[in-house]
Amino acid sequence: MHFRTSFPARFRRLALVGAALATVTASLPAAAVADTGGRDRHPSDRGLSAVIRYTEYGIPHIVAEDYANLGFGTGWAQAADQVCVLADGFVTVAGERSRWFGADGVPDGSLSSATKNLSSDLFFRGAKDAGTVEALLATPAPAGPSRRSRELMRGWAAGYNAWLRKNRVTDPACAGAAWVRPVTELDVARRGWAVSVLGGQGRGADGITAARPPAATGAVAGPSAGRATTVPTTPDPDRTAEAARALFAAENATMGSNAVAFQGSTTANGRGLLLGNPHYPWQGGRRFWQSQQTIPGELNVSGASLLGTVPVSIGFNDKVAWSHTVATGVPVNLHQLTLDPSDPTAYLVDGRPERMTPRTVTVAVKDGAPVTRTQWWTRYGPVVSGLGPQLPLPWTTTTAFALNDPNAANLRASDTALGFARSRSTQGLVDTLRRTQGLPWVNTIGADSSGHTLFTQAQLLPRITDELAQRCSTPLGRATYPASGVAVLDGARGDCALGSDPDAVQPGVFGPARMPVLRDAPYVENSNDSAWLANAERPVTGYERIFGTVGTPRSLRTRGAVEDVAAMAERGRLTVADLQRQQFADRAPAGDLAAGDTARACASALADDPEACRVLGAWDRTMDAGSRGALLFDRFWRRFTATTPQAEQWKVPFSAADPVGTPNTVNTDAPAFAKALRDAVAELRAAGIALDAPLGRHQFVVRNGVRVPVGGGTEALGVWNKTEPVWNAAGGGYTEVAHGSSHVQAVGWDGGRCPVARTLLTYSQSSNPLSPHYSDQTALYSGERWVTSRFCEKDILRSPALRIVVVRG
C-alpha cells in the first residue's frame, strides 16, 4: 500500500474521514455529539484537523486524512492526558531544566541517565548547539526519517500547541507554569532522538559532560580551559568488566519485558496469538499512552506509544500483532585513545595526531550565573569519563575513552513503527526491519492471522564482530567484552575501524542478515535474556557476542516463562483467554524452586518462631494480591540473593544441557541464608505487618487517597507479571510501583474482520489526578480485569462511553 500525494487521492481520503464522522454522528443521540461550534463539526481541508472518538477508559480512536493530520490529532490527545509530563520532557531536550528547576534538581530519568539537571542540560544543549537532530532530519531516507515520519512530527507539534491554546491546564503538576510552552517539529524530533540514545550517549550523559583533560606534563598546544588538576589512574580490568556486566544486566534495568507468540499449530483455530507484557516505569516520561490511529484506506493500528512519540510502537492491526522486549545487545562500544604526550586533547591514529574537537556549552541556571563547560569530541564520538559511578573511565595524560553510539545517527524508529502498523503479516514486520533498521535497544516478537510467529533481535548495534574484538581489544577490552559485550577497541589503530555490512542502512553497524532470528516456531518467547532460548527446542546460535550470550544461565523470569509457554504450546488449543490467564498467573519460579526447602530449613534457622515456618510452608508460591506468605518470602528472597553470590545460591549448578531446569536446590547452608530469614521476619514484625497478611494489603499504590492493591512480583522472584515496587515499611509496605507491567496486550484472530484483543494500561491513561482516567485502568489491573479492544468501526460506535471531539488547528 503506497502513500500518494496527488490531490484526487487526498480528497478521497478526506471524503472517507468525513464519511466516518457522518456515520458516527448519525448513530448517536444529539447529546452524545461534541459541540464544536457549527462549522467545525466536520474536519476542514484548510489547516490541520482530526476526529477523536473516545471510548471506555479514555482510549482515543483518532481518524485523519493523512499523516500530518494524524499527528495533529495524536498530539492533541496526548496533551489532553499528559500535558505536564510532556512539557517536562520538552524542557529536558531543550537543555533548560537548570533554568526552571535548578542545577541540582534530579530529572525523572526518562530521557537520559543524567543524575542532575545540570548534566542533563549540558548534554542536550550540546546536541542542540551542534545541530545533531537538524542534520538527521535533513538526511534523505532510508538513512534519515521518511516524509511520513516528518509529517507526523509536524502534525504532533501543531496538535500539542493547539491543545495548549484552547485549554486550561488543570494538572497540579504544572498548572500555570511558565515552562509549559509551545513546541516545534524539531522539539518532537529531539525527543525521539533522546529515546534512541537512551542506551548509549544518554546512558553516558554524566560522563560526557564531566570529562576533563588532565594537566599535561609538557608544552600544550591545545585549549587548556577546564583541565582536571589531578591525574587519575587506569581502570582495573576485572572490576571494570564486572561493572560493565552489572550496568547492562537485565536484573538491574528499569525497563524490561516479556512477550510470547504462538504458532497456529498450537492454537484452537490455527491462527496466531501474541501476549505482550512490557515492563516500563510507572511514572515520568517513559510511560506508554494508548490509542487507535486511522487514515482511511491507508493505516489502521491500535496499541501504545511512548509519550512524546507519535506512531504506535507496540500494537496490532487486523492481520498482525507485535511487541518488543528490551534486548541484550550492547548498543555502544568504547575506543581507548592513546594521547599525544604533549597534549592530552590530541590522540594518535596510526602514529599521526588528531586534535579533539571542543564543544563549549553554556546553560542558564535558576537564581545563579550561567554555567559553561567544554565537551570533547573525536572521530569515534565524545570523550567520556565513565558510564555511571560504578564504571569510571579516567582521562589520564596517556589515555582517554571515546564512546561510539550508532543510534546517535538513528532517527528512524518512527518509520519502523509505521511500517509495522501497515504490515499484513510477520513477513511484513521482517521487511520493515530490513528497510528501516530503526530499533535501538529492543527485540521484536510477532504473530499473524495466518498462524506465523517471529522473534528477531533486529536492533541497531555497532559492528563489533568477535574477530574484531579478538584482534583489536585493549587489555581492558579483553576483560569487558566476554563479560558484558562492551568492546573496548584500540583507537590508535586505523585497521580497528568497525567497517560496514552491505545491507546496513548506515556505516559501522550490523546489517539485518547478521541478526538473530527465529521464524515459525510453535512458540517464540523473550524475557530480556539473549536470543538463545527464544524457543528451548530450537536454540538460536551463531551470533556475535555483542548481541548476547549462548550457553549461559538464564534469569528466573526467563526460566519460568519458558516453562509456562512451552507447556501451553504442548497442551495446544490455545485462545486469547489462555494468554489472559498467563498474564495473571503470578507464579513465582523462585518459590517453586526454593520455598519448600526454605520452609524445612526454617525449623533450625528460626527454632523459636514456628509461625514463620508455618506461613512459608503454607504459601501457594504465587504473588497474587490475595496470596498469604508471599510478602514474607519476597522480603527474605531479596535479602538472600542480594547478599549471596549467584554461584552459592544453589546446590545444583547451571548446566547448558538443562538451561531451564538449572541451577536448582536452594543452598540452605549458605552463611547468609538463616540471617536473611531472621531479618525478613523481624522487619515485618517491626512494621506491624502480619507474616501471613495477603500480599495486596501491603503491596499497593495510592490514587487520590485510595489504596489500590497490586499483584505481581519482582525480577528476583522471576514472576511474569513483573512488579518492582518501592518499600516503605512505615507507610504500610510497598506503597508505589517504580516499574513493571505497563501496556499489556493479548491478541488473536477468529477469521472475522476484527482482531480479538484484550488490553490493559496498568497505570492508566492520564497522569493528572483530576482526570477520570487517572486510575481507572489501575483498578482493572488490581482486579485482574481487561479492556476489550474496540478496533472495528461497529465496536467503536457501540461504546456506551463514546464521545466525539473534532479538533482543528
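Residues numbered from 1 in each chain as written. Predicted model: local features only at pLDDT ≥ 70, side-chain atom pairs only at ≥ 80, totals over all residues. Heavy atoms only, no water.

## Things to note about helix H14 (residues 556–571)
Logical step 1: With 16 residues, H14 ought to run about 22 Å at 1.5 Å a step, and its terminal C-alpha atoms sit 22 Å apart, in line with that.
Logical step 2: Among the residues of H14, Leu556, Arg557, Thr558, Arg559, Gly560, Ala561, Val562, Asp564, Val565, Met568 and Ala569 are the ones counted as buried.
Logical step 3: Buried residues belonging to H14 abut strand E3 (256–262), strand E4 (273–281), strand E20 (523–526), helix H15 (576–583), helix H16 (589–605) and helix H18 (630–643).
Logical step 4: Just downstream of H14 lies Gly572, where phi reads positive at about 75°. (Helix = DSSP H or I, 4+ residues; strand = E, 2+ residues; numbered from the N terminus. Expected span 1.5 Å × (residues − 1). Buried < 20%, exposed > 50% of the residue type's maximum accessible area, 1.4 Å probe, protein only. Contact = heavy atoms within 4.5 Å.)

## Details of the packing of aromatic side chains
Logical step 1: On inspection of all chains with the given rule, the structure shows 26 aromatic pairs.
Logical step 2: Relative to Trp156, the ring of Phe90 lies with its centre 5.8 Å away and its plane at 55°, an arrangement referred to as tilted. Of this pair, Phe90 sits in helix H2 (residues 67–93) while Trp156 sits in helix H6 (residues 147–166), and the two are 66 residues apart along the sequence. Grouping residues by exposure puts Phe90 and Trp156 together as buried.
Logical step 3: Centroid distance Phe640 to Phe673: 5.8 Å. Interplanar angle 85°. Geometry classified as edge-to-face. (Phe/Tyr/Trp six-rings, centres within 6.5 Å; stacked < 30°, edge-to-face > 60°.)

## What to know about the sheet that holds strand E30 (residues 803–808)
Logical step 1: An order of E19-E17-E16-E8-E7-E6-E5-E2-E1-E30 is seen for the 10 strands of this open sheet, with the pairing classed as mixed. What marks the edges here is a single partner per strand, and that holds for strand E19 (517–519) and E30. Averaged over all pairs of adjacent strands, the angle between their axes in this sheet comes to 20°, without regard to strand direction.
Logical step 2: Taken together, the 3 bridges between strand E2 (residues 59–63) and strand E5 (residues 288–295) define a ladder with parallel strand orientation. Bridged to Ile62 within E5 is Gln293. (Pairing = 2+ DSSP bridges. Axes fitted to C-alpha atoms, helices over the stretch in contact; angles between N-to-C directions.)

## Points about the packing of helix H9 (residues 237–247) against helix H13 (residues 475–484)
Logical step 1: At their nearest, the axes of H9 and H13 sit 8 Å apart, and the two run at 30° to each other. As far as their axial angle goes, H13 and H9 are roughly parallel. The interaxial crossing formed by H9 with H13 has right-handed handedness. Counted together, Pro237, Thr240, Ala241, Ala244 and Arg245 of H9 and Pro475, Leu476, Ala479, Thr480, Ala483 and Ser484 of H13 form the full contact between these two elements.
Logical step 2: Class assignment for the residues of the contact of H9 with H13 results in 7 nonpolar, 3 polar and 1 charged. (Parallel < 35°, antiparallel > 145°, perpendicular 65-115°, else oblique. Left-handed = near helix turned anticlockwise from the far one by under 90°. Nonpolar A, V, L, I, M, F, W, Y, C, P; charged D, E, K, R; others polar.)

## A closer look at the side chain of Asp795
Logical step 1: With respect to the helices and strands, the residue Asp795 is situated in helix H22 (residues 793–797).
Logical step 2: Other than its neighbours up to four places away in sequence, Asp795 contacts Cys754 and Arg790.

## Quick notes on the packing of H14 against H15
Logical step 1: In contact at an axis separation of 12 Å, H14 and H15 are set at 155° when each is read in the N-to-C sense. Comparing the axis directions of H14 and H15 gives the class roughly antiparallel. By crossing handedness, the relation of H14 to H15 is classed as right-handed. The residues of H15 that touch H14, namely those facing Asp564, Met568 and Arg571, are Asp578, Leu579 and Gln582.
Logical step 2: Looking at side-chain class alone, the contact of H14 with H15 contains 2 nonpolar, 1 polar and 3 charged residues.

## Concerning the sheet that holds strand E12 (residues 357–363)
Logical step 1: The strand order across the open sheet formed by 3 strands is E12-E13-E14, and the pairing between neighbours is antiparallel. Single-partner strands in this sheet number two, and they are E12 and strand E14 (381–382).
Logical step 2: In this structure, E12 lies alongside strand E13 (residues 371–378), joined through 7 bridges in antiparallel fashion. When the bridges of E13 are listed, Thr357 appears paired with Trp377.
Logical step 3: Strand contacts of helix H4 (residues 117–130): E12 and E13, with the helix running at about 120° to E12, the strand carrying the most contacts.

## Quick notes on the environment of Ala585
Logical step 1: If you trace the backbone, Ala585 turns up in the loop between H15 and H16.
Logical step 2: When the C-alpha positions of Ala585 and Asp564 are compared, they lie 9.9 Å apart, and in sequence the two are 21 residues distant.

## Considerations on the confidence of the model for the protein chain
Logical step 1: This prediction gives the protein chain a mean pLDDT of 92; 92% of its residues lie at or above 70.
Logical step 2: Every residue in residues 1–16 scores below 50 in pLDDT, and together they form 28 contacts with partners more than four places removed in sequence or on other chains.
Logical step 3: Long-range and interchain partners of residues 216–225, a stretch whose pLDDT sits below 50, account for 18 contacts in this model, where long-range means more than four residues apart. (pLDDT = per-residue confidence, 0-100.)

## Let's talk about the pairing of strand E26 (residues 733–741)
Logical step 1: Of all the 9 residues making up E26, 8 are buried; the element is thus mostly covered by neighbouring parts of the structure.
Logical step 2: Where E4 lies against E26, 3 bridges are found, and the strand directions are antiparallel. Within E26, the residue paired with His279 across the bridge is Ser741.
Logical step 3: Of the strand pairs in this sheet, strand E25 (residues 723–728) and E26 are connected by 6 bridges, and their pairing is antiparallel. Note that in E26 the partner of Pro725 across the bridge is Val737.
Logical step 4: Linking E25 back to E26 in an antiparallel pair, the connection comprises 4 residues, with Gly732 at a positive phi of about 115°.

## A word on the pattern of salt bridges
Logical step 1: Considering all chains together, one arrives at 41 salt bridges under this definition.
Logical step 2: Across the pair Glu96 and Arg181 runs a salt bridge whose closest N-O atoms are separated by 2.4 Å. Taken together, the positions of Glu96 in the loop between H2 and helix H3 (97–101) and Arg181 in the loop between H6 and helix H7 (185–196) put the pair 85 residues apart, joining distant regions of the chain.
Logical step 3: Classification of Glu96 as buried rests on a relative accessible area of 11%.
Logical step 4: Since its relative accessible area comes to 32%, Arg181 is described here as partly exposed.
Logical step 5: Across the pair Asp634 and Arg638 runs a salt bridge whose closest N-O atoms are separated by 3.0 Å. (Salt bridge = Lys/Arg side-chain N within 4 Å of Asp/Glu carboxyl O.)

## Regarding the nonpolar core
Logical step 1: If you look at the biggest cluster of nonpolar residues, it comprises 164 residues, and the most contacted ones within it are Val83, Tyr160, Trp193, Phe262 and Ile464.
Logical step 2: Per-element accounting of this core gives the leading share, 15 residues, to H2.
Logical step 3: One finds Ala605, Ala612, Phe633 and Val681 within the second-largest nonpolar core, a separate group that totals 38 residues. (Core = buried A, V, L, I, M, F, W, Y, C linked by side-chain atoms within 4.5 Å.)

## Considering the state of the cysteines
Logical step 1: A full pass over the atoms with the stated rule returns 4 disulfides.
Logical step 2: Cys472 shares a disulfide with Cys496; S-S distance 2.1 Å. Here the disulfide of Cys472 and Cys496 is left-handed, its torsion about the S-S bond being about -90°. Taken as a pair, Cys472 in helix H12 (residues 466–472) and Cys496 in the loop between strand E18 (488–490) and E19 lie far apart in primary sequence, 24 residues in all.
Logical step 3: Given the relative accessible area of 2%, Cys496 is considered buried.
Logical step 4: Assigning the bonded cysteines of the protein chain consecutive numbers by sequence position, one obtains the connectivity 1-2, 3-4, 5-6, 7-8. (Disulfide = S-S within 2.5 Å.)

## Some points on the side chain of Thr598
Logical step 1: Looking at where Thr598 falls in the secondary structure, it is placed in helix H16.
Logical step 2: A residue is classified by how much of its surface remains accessible, and Thr598, at 0% relative accessible area, is buried.
Logical step 3: With residues near it in sequence (within four places) discarded, Thr598 still touches Leu616, Phe633, Phe636, Val666, Phe673 and Leu677.

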